[in-house]
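Below are the chains, spelled out letter by letter.
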Amino acid sequence: MTFYDLPAPAKLNLFLHVVGRREDGYHLLQSLFRLISLSDSITIDLRRDGRISRESTLTEQIADESDLVVRAARAIQRATGCVLGAHIHVNKRIPSGAGLGGGSSDAATVLLALNRMWRTGLNRQQLMAIGLTLGADVPFFLQGTAAFVQGIGEQIESVNVPDISYLVFKPDVHIETAAVFTDPDLTRDSETVKITDFSGCINFVGSGNTVQNRLSDGVIMRNKTIWSGSGFGKNDLEAVVLRRFAAVHRVKSWLSTLGVEARLSGSGSCLFAEADTPESAQLASEELLAKMQSGNEISNFKLGGSLKSVHVCDGLQFHPLKDWVSDSLGSRQVG
Ligand SMILES: C[C@](O)(CO)[C@H](O)COP(=O)(O)OP(=O)(O)OC[C@H]1O[C@@H](n2ccc(N)nc2=O)[C@H](O)[C@@H]1O
Ligand SMILES: Nc1ncnc2c1ncn2[C@@H]1O[C@H](COP(=O)(O)OP(=O)(O)OP(=O)(O)O)[C@@H](O)[C@H]1O
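Residues numbered from 1 in each chain as written. Chains lettered and ligands numbered in written order. Predicted model: local features only at pLDDT ≥ 70, side-chain atom pairs only at ≥ 80, totals over all residues. Heavy atoms only, no water.

- Naming follows an unreviewed UniProt entry, where the chain appears as 4-diphosphocytidyl-2-C-methyl-D-erythritol kinase of Orrella marina.
- Heading Sequence similarities (unreviewed entry) of the UniProt record for the chain holds this comment: "Belongs to the GHMP kinase family. IspE subfamily."
- In UniProt, the chain has this text filed under Catalytic activity (unreviewed entry): "4-CDP-2-C-methyl-D-erythritol + ATP = 4-CDP-2-C-methyl-D-erythritol 2-phosphate + ADP + H(+)". (UniProt positions renumbered as here; feature names shortened; annotations may be inferred.)

Written as structure tokens, this is what we have:
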């Protein structure tokens, strides 16, 4: 049996506030997560010998036991006592060390797929409990919709987000999440917010009542993002990342000189900006890439080689495999 080309979509953190720190050093967050169409693709073959093997196009060399897809498969075997195995092939498209949650999303897709392939019968809550042992973002991917996420990733409330598109800018640097969270200058005491504090901003965009502007140099972008337009939200990790990683700083400044206010996702290195439609996102990306290639010096500022890639993607309302697991409780005991 083979499951072909299963999607593992990336996420963006539309805002990310650090509101405290636990005794074990982990930080308490409040973040609005959404899924985007930039996805890895995973193919899984059933193995009857119980072994878990993998191949991956991830350029970074990591041991099998560190790969989140292997860890996810072993975790579900352990939790259910399943004696079946799998060969997992991961085609990476989501940049890693980028704040897009690619590894966590791969793990979530493997949990959803193996639960079905092996007929282990776990429900969503049970998969989410296993997912949290693998990474803080895994439960979000298993929940499968945009969400207000609190704690270190375990408190998840579904929220409505508008159908808009995104440009995701990948600076030429890989960032380790731990390096950002341990920085002494990190803001750790942002005020806590409630869903009602920001839901108005989301509906404002969803109603089509948006601020869009053709900039004088021809780049069609939302001039005021929903967040800067409303003055709501920020990414508390961004100041540390901009100070420590020159490539991110350069890309952010270059975009800013073009009137594009991009924001960091997660602990970076990716920055994102919003566009009203897929067409305006595509057009903006082409215009920005043309500017980059022309090597223009804009406002006395050089981009240099700091921008590695630009991804045009759509916001997703649902994880494509959301319905692969039941929400009903008590279908199987874990342990
Ligand atoms: C910041 C986010 O990108 C938001 O989506 C994620 O929560 C990060 O999740 P992740 O990449 O899975 O991070 P992990 O591999 O769990 O954590 C790496 C390291 O970052 C720090 N860390 C991570 C998450 C968190 N809430 N507080 C932390 O202090 C810890 O030092 C941890 O050892
Ligand atoms: N399947 C995988 N795909 C990508 N990275 C993986 C995978 N398994 C393990 N890793 C390890 O996890 C590290 C970070 O992965 P990933 O790119 O998913 O996180 P990130 O970009 O920091 O996103 P976030 O912090 O938002 O979760 C990688 O550098 C790699 O060492």
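Next, the rest of the story.
1. A word on the site of ligand 1
Now for step 1: The environment of ligand 1 is formed by 15 residues, the closest being Lys11, His27, Phe33, Asp137 and Phe181.
Now for step 2: A distance of 3.4 Å separates an oxygen atom of ligand 1 from a polar atom in the side chain of Tyr26.
Now for step 3: Counting only elements with at least two residues in the shell around ligand 1, the list comes to β1 (2–21), β2 (27–47) and α5 (177–181).
Now for step 4: Among the residues forming the shell around ligand 1, the class breakdown is 8 nonpolar, 5 polar and 2 charged.
Now for step 5: Here the shell around ligand 1 spans two domains, since at least three of its residues come from each of domain 1 (2–161) and domain 2 (165–316). (Near = heavy atom within 4 Å. Polar contact = N/O pair within 3.5 Å; in protein donor to acceptor, adjacent residues only side chain to side chain. Helix = DSSP H or I, 4+ residues; strand = E, 2+ residues; numbered from the N terminus. Nonpolar A, V, L, I, M, F, W, Y, C, P; charged D, E, K, R; others polar. Domains from an automatic or database assignment.)

2. Considerations on the packing of aromatic side chains
Now for step 1: Taken as a whole and assessed by the stated rule, the structure comprises 7 aromatic pairs.
Now for step 2: An angle of 50 degrees between the planes, with centres 4.8 Å apart, marks the rings of Phe33 and Phe140 as tilted. In this pair, Phe33 is assigned in strand β2 and Phe140 in helix α4 (residues 138–143), connecting sequence segments 107 residues apart.
Now for step 3: The structure contains a cluster of three or more aromatic residues connected by ring pairs, namely Phe15, Phe148 and Phe198.
Now for step 4: Above the ring of Trp324, the side-chain terminus of Arg116 is found at 4.1 Å from the ring centroid. (Phe/Tyr/Trp six-rings, centres within 6.5 Å; stacked < 30°, edge-to-face > 60°. Lys NZ or Arg CZ within 6 Å of the ring centre and 35° of its normal.)

3. Some points on the pairing of strand β11 (residues 271–275)
Now for step 1: With 5 of its 5 residues buried, β11 lies for the most part within the structure.
Now for step 2: Of the two faces of β11, the one carrying Leu271, Ala273 and Ala275 and the one carrying Phe272 and Glu274 are both buried.
Now for step 3: Here strand β7 (residues 165–171) runs beside β11; their pairing, made up of 5 bridges, is antiparallel. Of the residues in β11, the one forming a bridge with Ser165 is Ala275.
Now for step 4: With 2 bridges joining them, strand β10 (residues 263–264) and β11 adopt antiparallel strand pairing. Bridge pairing in β11 places Leu264 opposite Leu271. (Buried < 20%, exposed > 50% of the residue type's maximum accessible area, 1.4 Å probe, protein only. Pairing = 2+ DSSP bridges.)

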